[in-house]
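Listed below are the residues making up each chain.
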Amino acid sequence: MSLELKPKKWAGAIRAVTLGSGSRKPVTVGGGNGLPLHTFEGVFPHRPAFALEITDVDPARWAEAARGPWDGVLGSPAAAARRALREFGADLVMLHLCGTHPDRGNRTPEEAAADVRAVLDAVDVPLIVKGPGAGPRQNDVLARVAEEAKGEGLALHSACQEDYKTLAAVAVAYGHILVAESPIDMNIAKQLNILLADASVDMNRTLIDPLTGGLGYGLEYTYSVMERIRLAALGGDAMLNAPMICLAGEEAWKAKEAKASSRQEPRWGDERRRGIHWELATALALIEAGAEVLVLRHPETLARLRTQLDCWFGDPAPGGDSCR
Amino acid sequence: MPLTGLQIFKLLPNTNCRKCGYPTCLAFAMKLAAGRESLEKCPDASPEARAALGAASAPPIRGVTIGRGERAVTVGEETVFFRHEKTFVRRPGLFRILDPRGLSAAECGALLNDWLGVSIARAGETFRVDGVAIVEAPGAPEAASAAARRGFPVAVLAATPEGAASIAEPIKDQRPLIVPPAGAAPAAYFALAARLGVPLVVAGADLAGLASAAAAASSAGVGDILLEPPGADLRSLHHSLSAIRRGALDRVHPGLGHPVFLRAGRGEFEKAVLGITKFASVLAIEDHGGETWLPLWTLRQNIYTDPQKPLQMEPGVYPLGEPDSRSPLLMTTNFSLTYFIVSTEVEASGVAAHLAVVDAEGLSVLTAWSAGKLSGDRVAKSLRQTGAVDRVSHRTLIIPGYASPISGELEDAMGDGWRVIVGPQEASDIAPFFRDVWEPMRAR
């Protein structure tokens, strides 16, 4: 007896967005015309891409287990970027300019631009640059960085509904991708993209950051809002069909369950593997919900996700859909 | 497929007799369609109408119970593909695999006692080892009985029908789940599960094979069935899991309308994550460590939370632990995630406290303050309206570190000798704050 389920066909598709230009080797994400990972019925020209997070100053609050692999290069972004690429196999890197925050180092836009230049010189992959967070310093820093890296197709993280005009203008002027961040809210995600389109931002050069809740800390909200955004995009909504980026590493490693030592919590098991599992569960669930760019902290999380997705998006073995 | 009000109306006698309590048959039909009434209230409904309505209202995925008593696990009865469409209702049962090979009966007992003692409170739920999956081996019948005696639901990971019988039969009243090995000839297992009246896992090489195996088990008299999906890797497994759920909801084949069983072997954490997010109902997990179970329990908690719960909390005073009038009183905003993170940290601190949730239009503390939604007047008014001020005798309020700019105006607005103390910016620093600031202050 045969049992065939009709493949689901959709009116819309996710936009393909290319990160990196100029001296970068570009990475393209998106372009799929089905539900996330539904490779059995949709066409997915590009697989999700993995970035590792590096920082301008030593991130003192990072958990020990997340710091370990970066020993010796924390706060040295160029060296960290080289390690992310050569040793850990990242597709791209995210430079988090956390040290430009007035309370966390107060580094100047000039210093930030120098850090970005150093990373661009050290590696040839696309670069995501995350500012110090909402506030006037964010725009000063990212505007200067955008100018410094003119034509390199950075992904600038991020513009929000309350403050998008400056970054929209510099992204257009200097040829960068703009990450549009919304607070786990599909309506605001859409509204922000409409505002960006009105500000002459090319919708093929934006990413949606739906705001990541880590495992145990709001993951379910992010998961469902992403599923709803994906359904709207597949339904043909041109203001919600940008690929989504998730800062899975940062959010997962914030959890006390990821950070606590085995001595503090003996029943919680091995500390290093627990942190990696926390990040892995967060990231894999978000990929299932539609994330196309994952920013991670631990290289082992990246390696394990890579193994799974290489299989997922590789050629099926003859006579079935198993990849082995 | 559920019937519409008009379809149901056509099945009713159309006498408008009012015996059901509604003025017309159409009004009654609409209530039936919405699931708010039962056909029992219509004494004149024809047998055809009862049959049609019964079939249409049967859940697309049948419920199955494993075990008996307080720890029994009931799964199935799901009605949606996406959790935001309604909610996922039956949390999957996470079973821990027990392989008795190389263990004495006493060692098995000690392990089971250890698992029985697992109890981790997190955000209103207690994480436990839901069940024990026993590997067929010498000593397995004793281990299964020992697990059942302790109240654990039991799954039998069988190697042979005879072995399965020897493990399951002595505890058949505890409704153990029988799981045949991969590729086993099913007939003997059908007969065993039917004879003992216990649930059974069926498998198939593909979706069609799986559906027909389930149908054959039903015909052989097995009442409760779980499906083990084909899939050697995550991609093919995801395909199977998605197709089973979609096929069940669309009612393409009755054999697909059962809950799903999944094994996660050593190191197969990713497979367990996929199972929990994508519709598996019982997972037998080989790894025993907290580093595997804590994230999986937490993921299940996230995915099976009702998404219809708003992102905003109801303003009010929430007791954490069992606080009294001498316990600390903390204030935060009514953004659900903020509340959740703060309450989790307070609970973890072991200090009972009152948490006052102030209406800040669902914004986090920093955002609310930046947007001017967290003024001294507004907070003071809310604390009075919700009765927070009457909960404590010490007249001391702890506010979040990010709200420090309003501490002065808030103290003025509170009046009555109230003191406002600025707490930490990050919830993770609440426990040290209680220890280093609150306790010494209270001791004075």
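The model shown is predicted, which means the values in this text are computed figures rather than measured ones. (Residues numbered from 1 in each chain as written. Chains lettered and ligands numbered in written order. Predicted model: local features only at pLDDT ≥ 70, side-chain atom pairs only at ≥ 80, totals over all residues. Heavy atoms only, no water.)

**So, the overall build of chain B**
Within chain B, the secondary structure is distributed over 16 helices and 17 strands. With the principal axes as the frame, chain B shows a C-alpha extent of 80 × 70 × 40 Å. Residues counted as buried form 53% of the 444 residues belonging to chain B. Entry remark: accessible area of chain B is about 18,200 Å², with carbon and sulfur atoms responsible for 52%. (Helix = DSSP H or I, 4+ residues; strand = E, 2+ residues; numbered from the N terminus. Buried < 20%, exposed > 50% of the residue type's maximum accessible area, 1.4 Å probe, protein only. Areas by Shrake-Rupley, 256 points an atom, 1.4 Å probe, with all protein chains shown as cover.)

**Considering the domain arrangement of chain B**
When the parts of a complex come together, some accessible area is lost, and that lost area is often used as the size of the interface. Split into domains, chain B comes out as domain 1 (5–57), domain 2 (64–303) and domain 3 (316–443). Between the C-alpha centres of domain 1 of chain B and domain 3 of chain B the distance comes to 53 Å. (Domains from an automatic or database assignment.)

**As for the packing of helix 11 (residues 299–313) of chain A against helix 9 (residues 234–249) of chain B**
Their axes nearest at 8 Å, the elements helix 11 of chain A and helix 9 of chain B cross at an angle of 70°. Here helix 11 of chain A is positioned roughly perpendicular relative to helix 9 of chain B, judged by the angle of their axes. For the pair helix 11 of chain A and helix 9 of chain B, the contacting residues are Gln308, Cys311 and Trp312 of chain A in the first and Leu234, Arg235 and His238 of chain B in the second. Each residue belonging to the contact of helix 11 of chain A with helix 9 of chain B can be placed in one class, and the counts come to 3 nonpolar, 2 polar and 1 charged. (Axes fitted to C-alpha atoms, helices over the stretch in contact; angles between N-to-C directions. Parallel < 35°, antiparallel > 145°, perpendicular 65-115°, else oblique. Contact = heavy atoms within 4.5 Å. Nonpolar A, V, L, I, M, F, W, Y, C, P; charged D, E, K, R; others polar.)

**Remarks on the nonpolar core**
Within the largest apolar cluster, 174 residues are counted, with the highest numbers of intra-cluster contacts made by Trp70 of chain A together with Val202 of chain B. Each residue touching Val202 of chain B, except ones within four places of it in the same chain, is listed here: Phe190, Leu210, Ala213, Ala214, Ala217, Ile225, Leu226, Leu227 and Glu228 of chain B. Residues Ala356, Leu374, Ile399 and Val420 of chain B belong to the second largest nonpolar core, which totals 24 residues. (Core = buried A, V, L, I, M, F, W, Y, C linked by side-chain atoms within 4.5 Å.)

**Regarding the packing of aromatic side chains**
Inspection of the entire model under this criterion finds 12 aromatic pairs over all chains. Plain terms: the ring middles of Phe433 of chain B and Phe434 of chain B are 6.4 Å apart, the flat faces sit at 50° to each other, and that makes the pair tilted. Comparing Phe433 of chain B with Phe434 of chain B shows no difference in burial state: the two are buried. Linked through ring pairs, Phe81, Phe82, Phe88, Phe279 and Tyr304 of chain B together constitute an aromatic cluster. The cationic tip of Arg96 of chain B hangs over the ring face of Trp293 of chain B; the distance from NZ or CZ to the ring centre is 4.3 Å. Its end group placed over the ring of Tyr217 of chain A, Arg122 of chain B keeps NZ or CZ at 5.1 Å from the ring centre. (Phe/Tyr/Trp six-rings, centres within 6.5 Å; stacked < 30°, edge-to-face > 60°. Lys NZ or Arg CZ within 6 Å of the ring centre and 35° of its normal.)

**Some words on a nonpolar patch on the surface**
A grouping of Leu6, Leu26 and Met30 of chain B is seen on the molecular surface, where their side chains present a nonpolar patch of about 260 Å² in accessible area. Along the chain, the position of Leu6 of chain B falls in helix 1 (residues 5–11). (Patch = residues over 30% accessible without salt bridge, like charges linked within 9 Å, V, L, I, M, F, W, Y side chains within 5 Å. Salt bridge = Lys/Arg side-chain N within 4 Å of Asp/Glu carboxyl O.)

**A look at the interface of chain A and chain B**
Listed per partner, the contact involves 54 residues of chain A and 54 residues of chain B. When the two sides are added together, the surface that chain A and chain B hide from each other amounts to roughly 4,900 Å², 62% of it contributed by carbon and sulfur. Counting across the chain A and chain B interface gives 7 salt bridges. Linking chain A with chain B are 16 residue pairs in polar contact (both at pLDDT 80 or more), by the criterion used here. (Buried area = accessible area lost by both parts, 1.4 Å probe. Polar contact = N/O pair within 3.5 Å; in protein donor to acceptor, adjacent residues only side chain to side chain.)

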